[in-house]
Amino acid sequence: AEPKPSTLLDIYDRSIDNVLRPKYLTEFVGQPQLKERLSIVIGAAKLRGDQVGHILFAGPPGLGKTSLASIVANEIGVNFRVTSGPAITRAGDLASLLSDLSDFDVLFIDEIHRLPRTVEELLYSAMEDFKVDVTLGKGPTSRTLRLDIAHFTLIGATTRTGMLSGPLRDRFGFVHTMEYYDPTELSQVVMRSAQILEMEISEDAAYEIALRSRGTPRLANRLLKLVRDYADVSRGGVLDQTTAKEGLDVFGVDDLGLDRVDREILKSLCVTFGGRPAGLSALASSVGEERQTIEDVHEPYLVKLGMVIRTPRGRVATNRAFDHLGIRPVEEQSQ
Ligand code: ADP
């Protein structure tokens, strides 16, 4: 199941994604090295009249994995088909999806680590030899047929490469782990989105939004829309830095971009667990969130900020976390 919406800033909300999704590499902000590599891979396939090799993107939600997959299809001028690991429950579903593709089409499988094992196994021969085995009939009279499928490109997305089985991971020629964006890149995302949405926004307002978007373009877009609502209702539509700050405060986004759940996690680690290591399940129930949401969305950013570290015994809050909450670490208090 999709993780439940956790906060106002729910990072899985995809309602405006399609409008703002970059269509070509030149529109995709940041990640210069990745764009260069992709344009080489795409250019070579075009030159040779071949399909692009299979690609795996890893990283937290909202960093542009789906966008890049659709960009690959657009740059080559082929169909872009989208599905996800949890949506394919039987091998037959995947077989019929695959036999429907044309040469060079891009098939995007989001959350590919959640494919059932039997489906995953069907994917091996599809990726390697462009063939699928289908079984006709049941019992002793059943026969297995090996069918040819189109020379397609599989693009998989996953939150962490470690979640994929070795045999599946090895079948991707190009594996890239997405990084959080820096504020300069995120303000370019905001300025671009503002232009598409026909909004006027000052550069310092865009930067303010960028600073609080936790390195994530999808969140930058969401915050932009919230700040626009605030500007329209409370500031006569003027979207300057002050408006952006006020609007973000109203919606509970702090100056590091942390939302309610992030703060709950920090509070839990610092106060409930008193700075001692907490296991993921214990932390999740203490905060009242899904394990997966904590692990995929909240924890990676808190780790990046240096507020949480992962140790073999569990998650631990650092002094930065205590500082951010304005409380003193336990050892100091007891002295
Ligand atoms: P993911 O698949 O990693 O969850 P998406 O590709 O769906 O992320 O990105 C979410 C939204 O964020 C997109 O619709 C797009 O508007 C925006 N976005 C992501 N990356 C970029 C980028 N590099 N440049 C511009 N917009 C981006």
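What you see is a predicted model; the values in this text were computed from it and never measured. Think of each chain on its own: its residues are numbered from 1, step by step along the sequence as written. In keeping with the model being predicted, local features are shown solely for residues with a pLDDT of at least 70 and side-chain atom pairs are shown and tallied solely at 80 or more, while totals for entire chains, interfaces and linings include all residues. Only hydrogens and water are set aside; all other atoms, that is, all heavy atoms of the structure, feed into the side-chain values.

1. Details of the site of the ligand
In the region of the ligand, 19 residues are neighbours, and Arg21, Gly62, Thr66, Ser67 and Arg218 sit closest. One of the backbone N or O atoms of Gly62 is found 2.7 Å from an oxygen atom in the ligand. Residues adjacent in sequence count toward polar contacts only when both atoms are side-chain atoms; beyond that, a polar contact is any pair of N or O atoms within 3.5 Å, and within protein one must be able to donate a hydrogen and the other to accept it. Between Lys65 and the ligand, the recorded distance is 2.9 Å, taken from a side-chain N or O atom to an oxygen atom. As a working rule, the residues Ala, Val, Leu, Ile, Met, Phe, Trp, Tyr, Cys and Pro are called nonpolar, Asp, Glu, Lys and Arg charged, and the rest polar, with Gly in that last group. Grouping the constituent residues of the shell around the ligand by class yields nine nonpolar, five polar and five charged. Throughout, near means a residue has at least one heavy atom within 4 Å of the molecule or strand.

2. Re the pattern of salt bridges
Whenever Lys or Arg places a side-chain nitrogen within 4 Å of a carboxyl oxygen from Asp or Glu, that contact is recorded as a salt bridge. Under the defined criterion, the tally for this structure stands at 17 salt bridges. Measuring nitrogen to oxygen at the nearest pair gives 3.0 Å for the salt bridge that ties Arg171 to Glu128. Taken together, the residues span a long stretch of sequence, with Arg171 in the loop between α6 (166-169) and β7 (174-177) and Glu128 in helix α5 (residues 117-129) at a distance of 43 residues. For Arg160, the salt bridge identified is with Asp296, shortest N-O distance 3.1 Å. Here Asp296 lies in helix α13 (residues 291-304) and Arg160 lies in the loop between β6 (153-158) and α6, a separation of 136 residues in the sequence. The buried category is assigned to Asp296, whose relative accessible area is 3%. Runs of E in the DSSP output that reach at least two residues are strands. Runs of H or I that reach at least four are helices, and both are numbered from the N terminus. Exposure is judged per residue with a 1.4 Å probe applied to protein chains only, and the accessible area is read against the type maximum: over 50% gives exposed, under 20% gives buried, and values in between give partly exposed.

3. As for the packing of helix α2 (residues 32-48) against helix α3 (residues 65-76)
What counts as an axis is a line fitted to C-alpha atoms, over the stretch in contact for a helix, and the angles between N-to-C directions run from 0 to 180 degrees. Packing of α2 against α3 brings their axes to within 10 Å, and their N-to-C directions diverge by 35°. Along this stretch, α2 crosses α3, giving a crossing that reads as right-handed. Of α3, the residues touching α2 (which contributes Leu34, Leu38, Ile42 and Lys46) are Leu68, Val72, Glu75 and Ile76. Note: crossing handedness is left-handed where the near helix turns anticlockwise from the far helix by less than a right angle, and right-handed where it turns clockwise. By the convention used here, residues are in contact when the closest approach between their heavy atoms is within 4.5 Å.

4. Quick look at the packing of aromatic side chains
Put simply, two rings from Phe, Tyr or Trp (the six-membered ring, in Trp's case) pair if the centres are within 6.5 Å, and we call them stacked under 30 degrees between planes, edge-to-face over 60, tilted for the rest. This structure, assessed with the given rule, holds three aromatic pairs. Measuring from ring centre to ring centre gives 5.9 Å for Phe130 and Phe152, while their planes differ by 85°; the resulting arrangement is edge-to-face. Here Phe130 is found in the loop between α5 and β4 (131-136), whereas its partner Phe152 is found in the loop between β5 (143-148) and β6, with 22 residues between them in sequence. Phe130 sits in the buried class, given a relative accessible area of 9%. When its relative accessible area of 0% is taken as the criterion, Phe152 is described as buried.

5. Focus: the sheet that holds β7
Two orientations exist for strands paired in a sheet by backbone hydrogen bonds: parallel and antiparallel. DSSP-based pairing: two strands are paired if at least 2 bridges between them are found. Taken together, five strands build an open sheet; the order of strands is β2-β3-β6-β1-β7 and the sheet is parallel. Either end of the sheet is taken by a strand with one partner, and the two such strands are β2 (80-84) and β7. When strand polarity is set aside, the average angle formed by the axes of neighbouring strands in this sheet is 15°. Judged from the four bridges that link them, strand β1 (residues 55-58) and β6 form a sheet pairing that is parallel. The residue bridging Phe57 from the neighbouring strand is Ala157, located in β6.

6. Some words on the nonpolar core
Counting residues in hydrophobic clusters, the biggest one holds 65 residues, and the most contacted among them are Leu68, Ile201 and Ile209. Here this core gets seven residues from one element, more than from any other, and that element is helix α9 (residues 217-234). Setting aside chain neighbours within four positions, we find Ile209 in contact with Val190, Ile201, Ala220, Leu223, Leu224, Val227, Ala244 and Leu248. Throughout this description, the term nonpolar core refers to a set of buried Ala, Val, Leu, Ile, Met, Phe, Trp, Tyr and Cys residues connected via side-chain atoms within 4.5 Å. Counting 27 residues, the second-largest nonpolar core is a separate cluster that includes Leu123, Tyr124, Ile149 and Ala150.

7. Side note on the confidence of the model for the protein chain
Close reading of the predicted structure is inappropriate where its pLDDT is low. Per-residue confidence for the protein chain averages 91 on the pLDDT scale, and 93% of its residues sit at or above 70. Considering only residues more than four positions removed or in separate chains, one finds that residues 1-6, a stretch of pLDDT under 50, has 14 contacts. For this predicted complex, the interface score ipTM comes out at 0.99, while the overall pTM is 0.88. pLDDT expresses how confident the predictor is about each individual residue, on a scale running from 0 to 100.

8. As for α3
Compared with an ideal rise of 1.5 Å per residue, which puts 12 residues at 16 Å, α3 spans 17 Å between its outermost C-alpha atoms and is within 8% of the ideal. The buried fraction of α3 is high, at nine of 12 residues. Every buried residue of α3 is listed here: Lys65, Thr66, Ser67, Leu68, Ala69, Ser70, Ile71, Val72 and Ala73. The inward-facing, buried residues of α3 abut α2, β1, β2, β3 (106-110) and β6. Looking one or two places after α3, you find Gly77, whose phi comes out positive at around 80°. The span one expects for a helix is its residue count, reduced by one, times 1.5 Å.

9. Quick word on α2
Its 17 residues place the ends of α2 24 Å apart at the C-alpha level, agreeing with the 24 Å of an ideal helix rising 1.5 Å per residue. For α2, the full list of buried residues reads Leu34, Leu38, Ile42 and Ala45. In an axial view of α2, the angular spread of the buried residues amounts to 60°, which keeps them on one side of the axis. With respect to the buried face of α2, the exposed residues turned more than 90 degrees away are Pro32, Glu36, Ile40, Leu47 and Arg48. Tucked into the core, α2 has its buried residues touching β1, α3 and β7. Two residues or fewer past α2, Gly49 is found with a positive phi of approximately 65°. The directions considered for the arc run from the helix axis to the C-beta atoms.

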